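Coordinate inspection notes
Each chain is listed here by its residues.
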Amino acid sequence: MTDGKRRRGLAAASALLGGVLVLSACSGGDDGASGGGDKGGSQAQVDEAAAKKSSEAQIKITPKDGSNNASINNSAAVTVAKGTLTEVKMTTADGTAVAGEISADKKSWKPTAQLERATTYKLSATAEDSEGRAAHENASFTTVAPDNSFIGTFTPDDGTTVGVGMPVSINFDKAITNKAEVQKGVTVTSSSGQEVVCHWFNANRMDCRPDEYWQEESTVTLKLALDGVEGAEGVYGVQQKTVTFKIGRNQVTYVDAKTKQMKVTQDGKTVRTIPISAGAPENKTYEGQMVISEKFKETRMNGATVGFTDDDGKGEYDIKDVPHAMRLSTSGTFIHGNYWGAKSIFGSVNTSHGCVGLSDTKGANDPSTPGAWFYDNSIIGDVVVVQNTGDKTIAPDNGLNGWNMSWEQWKAGSAV
């Protein structure tokens, strides 16, 4: 190749390379001949056009995308500023739809039911600004798992009427180590204005009561604000609930194992005296203030379940249809009807394995018997005070029997 041909080839390659350079820079505007000012103006025009097309609506989804241990009560909230919601869709990970409602002003959305624990949810929301321009937001989160959460099973139930001795009793399904924080999330108030204090019996149980029995006809409110409260390391509450119950008439019954009579009082006045048969000398009935926690028109009582067994291991007694039974302790103390004992024992001799027996008939269908009368005139939460048995006072946590602690002892068990 001659030098002339070589020079012409280099010039062609240079021109081709220059073309490549021009093409690779075309996204930035014209070449240098157009001037730098035009290039800047063109970019500003692009930005301005993009801004005009973008919606001003600002959607917020809580919890934030990717959250774990999300609340089952307060999660999945969608709100919008500078716009209104037009559509919100929520599904589980497998596509199952979750019902929800957009508020009347179209500024917020929430599910219509409590979420499930240990479940992944997906949310997509669309909103429009005043110019009708759409904005979109998406998020996915997982709710708290059972292993990382706790709940409290409480009594009495919402809307019930109970006796003056009924405490609020909460049993947690996980051991609570941050007792103060959990107790702060539980509020019990009475329309009577009585001071209410909560007492921890152990890491799982907390009862709340006033100094004296509840005032009759008052209303008690229990508020659980435990959602997100850390009860133990890595274990969070999920309950957010308010319940109310009413206190009925003031009925307190006094059982005297020495005279073998029981006196039923209402508002301090005796309304009936009933002969009874308490625990035999070898199986004395506990003494103390006991609260009726359950009622059964008929129930089975087997001695083997409470430690009364024969040499063969079977229960010393097994009665499948005990009438008008009302529980006084977790360990098996009842006040109940008795049809198998001679009528002569009531009021004259103590023969039971620790329960308080009243004369009754088999089948629990005779309303004229003392057992039936007491059952029909008693409600959950009524107090039965057992005296002169010669046995020890029942443990305060054996049933709903915290009244056997002084007010000073009770308050000493509070964590706040």
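Residues numbered from 1 in each chain as written. Predicted model: local features only at pLDDT ≥ 70, side-chain atom pairs only at ≥ 80, totals over all residues. Heavy atoms only, no water.

Quick notes on the side chain of D360
Within the element layout of this structure, D360 appears in the loop between strand 26 (356–359) and helix 4 (370–376). It is K343 that comes nearest to the buried, bridge-free D360 among opposite-charge side chains, at 7.0 Å. Of note is the side chain of D360, whose polar atom sits 2.6 Å from the side chain of H324. Looking at D360, its side chain comes within polar contact range of the side chain of T369, at 3.1 Å. (Helix = DSSP H or I, 4+ residues; strand = E, 2+ residues; numbered from the N terminus. Buried < 20%, exposed > 50% of the residue type's maximum accessible area, 1.4 Å probe, protein only. Lys, Arg positive; Asp, Glu negative; His and termini not counted. Salt bridge = Lys/Arg side-chain N within 4 Å of Asp/Glu carboxyl O. Polar contact = N/O pair within 3.5 Å; in protein donor to acceptor, adjacent residues only side chain to side chain.)

Some points on the sheet that holds strand 9 (residues 152–155)
Strand order in the open sheet made by the four strands is 9-11-14-13, with antiparallel pairing throughout. Edge positions in the sheet fall to strand 9 and strand 13 (196–200), since each has one partner strand and no second. Within this sheet the neighbouring strands show an average axis-to-axis angle of 20°, counted without direction. Direction of pairing for strand 9 relative to strand 11 (residues 168–172): antiparallel, over a ladder of four bridges. (Pairing = 2+ DSSP bridges. Axes fitted to C-alpha atoms, helices over the stretch in contact; angles between N-to-C directions.)

Thoughts on the nonpolar core
Ranked by size, the top nonpolar core spans 34 residues in total, and within it I170, F172, V182, V186, V188, M206 and L222 carry the most contacts. Of all elements in the fold, only strand 11, strand 12 (186–190), strand 13, strand 14 (205–210), strand 15 (219–225), strand 18 (240–247) and strand 27 (383–387) reach the threshold of two or more residues within this core. The residues contacting F172, other than those within four sequence positions of it, are F150, I151, G152, V182, W200, N204, M206 and L226. Within the second largest apolar cluster, 22 residues are counted, among which are A76, V78, L85 and A135. (Core = buried A, V, L, I, M, F, W, Y, C linked by side-chain atoms within 4.5 Å. Contact = heavy atoms within 4.5 Å.)

Considering the sheet that holds strand 12
Strand order across the open sheet formed by four strands is 10-18-15-12, with mixed pairing between neighbours. Edge positions in the sheet fall to strand 10 (161–162) and strand 12, since each of these pairs with one other strand and no more. Across two bridges, the pairing between strand 10 and strand 18 is parallel. Of the residues in strand 18, the one forming a bridge with V162 is I247.

Quick look at the pattern of salt bridges
Any two side chains of opposite charge can pair, given that their charged atoms come close. Counted by the stated rule, this structure contains nine salt bridges. Between E87 and K89 there is a salt bridge whose closest N-O contact spans 3.7 Å. By relative accessible area, E87 is classed as partly exposed at 39%. For R249, the salt bridge is made with D382, and the minimal N-O distance between the two is 2.7 Å. Of this pair, R249 sits in the loop between strand 18 and strand 19 (251–256) while D382 sits in the loop between helix 4 and strand 27; the two residues are 133 residues apart in sequence, bridging distant segments of the chain. Since its relative accessible area comes to 1%, D382 is described here as buried.

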